[in-house]
Amino acid sequence: RLVRRFVPPPPAGPSESLGKPVKGYQFTDVKGTPVTASSLEGKIAVFDFWATDCAPCKEGTPMLERAYQQLKSDEDVAFFGVSTDPKGLPTAIVEKTLKSWGASFPLLRDLEKNAFYSLGVQATPTLLVIGPDNRLQASHLGPLEDAEDLVAKIRQLQGGENLVELAREEHAKQLKQHVAILDAATLETSLVGGEPDHSEIAT
């Protein structure tokens, strides 16, 4: 379309992985005890994937801690910081780093790269929320910016709502708004004149 002013591209839709069952995964806690999809069955799992050399991870930790403090007493919520650091880095150092950033939520190690191979995590920090039915309900790439928004999403899950459907409904509204903006900016007539007179073109 020809428009009289710049119109941004339409908003991106929810990730195609949302709503799909999560593949089997296995992490270990600081004592080496496995934490798997089976052991968290029936719970809302919140995983924040981070690394000790990740500055954005450190930046987002206080906001994660704020959310954790509001959720830690809920028995149906499992909240973890999952370190993607290599096996060679001792757990004691990883744990000390996380605490120095102001976190008190439980630490898990991803020693077999389950985050990448099973959950599709491509970068840190990445936050995943997995519903009690083991389906991915929300994902966030980058530092968490709003603890209250995360807590609100968890409360919605606890109330039986489907975050994926809510995200799709919100995207549909955003698309409708985008179309309205585009229609308002669209020129009714073309800026280009009529068809060129090919008879005047030399052969």
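Reading the values: rules and limits
- Residues numbered from 1 in each chain as written.
- Predicted model: local features only at pLDDT ≥ 70, side-chain atom pairs only at ≥ 80, totals over all residues.
- Heavy atoms only, no water.
- Core = buried A, V, L, I, M, F, W, Y, C linked by side-chain atoms within 4.5 Å.
- Buried < 20%, exposed > 50% of the residue type's maximum accessible area, 1.4 Å probe, protein only.
- Helix = DSSP H or I, 4+ residues; strand = E, 2+ residues; numbered from the N terminus.
- Contact = heavy atoms within 4.5 Å.
- Arc of directions from axis to C-beta.
- Pairing = 2+ DSSP bridges.
- Axes fitted to C-alpha atoms, helices over the stretch in contact; angles between N-to-C directions.

J.: How do you make sense of the nonpolar core when you look at a structure like this?
T.: Soluble, globular proteins show a tendency: their nonpolar side chains are buried together. Judged by nonpolar contacts, the single largest core of 28 residues is most densely connected at Trp 50, Phe 79, Leu 98, Phe 105, Val 129, Leu 150 and Ile 154. Among the elements of the structure, β3 (44-50), α1 (55-71), β4 (77-83), α2 (91-100), β6 (126-130) and α4 (147-158) are those that each provide at least two residues to this core. In this structure, Val 129 is in contact with Ile 44, Ala 45, Arg 135, Leu 136, Gln 137, Ala 138, Leu 150, Ile 154 and Leu 157, ignoring residues within four places of it in sequence. Ala 45, Phe 47, Leu 108 and Val 121 belong to the second largest nonpolar core, which has 20 residues in total.

J.: Sorry, what's going on with α2 here?
T.: Each full turn of the α-helix corresponds to 3.6 residues, which orients residues three or four apart in the same direction. If you check which residues of α2 are buried, you get Val 94, Thr 97 and Leu 98. What you see down the axis of α2 is that its buried residues fit within an arc of 95°, all on one side. Seen from the open side of α2, the exposed residues pointing more than 90 degrees away from its buried face are Ala 92, Lys 96, Lys 99 and Ser 100. Where α2 is buried, its residues contact β3, β4 and β5 (107-109). The positive-phi residue at the C-terminal boundary of α2 is Gly 102, with phi of around 100°.

J.: What is the right way to look at the sheet that holds β4 in this model?
T.: Spatial strand order, β2-β1-β5-β4-β3-β6-β7: 7 strands in an open sheet with mixed pairing. Unpaired on one side and paired on the other, β2 (34-36) and β7 (136-141) mark the two borders of the sheet. The sheet shows a mean angle of 30° between the axes of neighbouring strands, direction not considered. Here α1 sits on the sheet in contact with β3, β4 and β6, set at roughly 160° to β4. Where α2 meets the sheet, it contacts β3, β4 and β5, and its direction lies at approximately 140° from that of β5.

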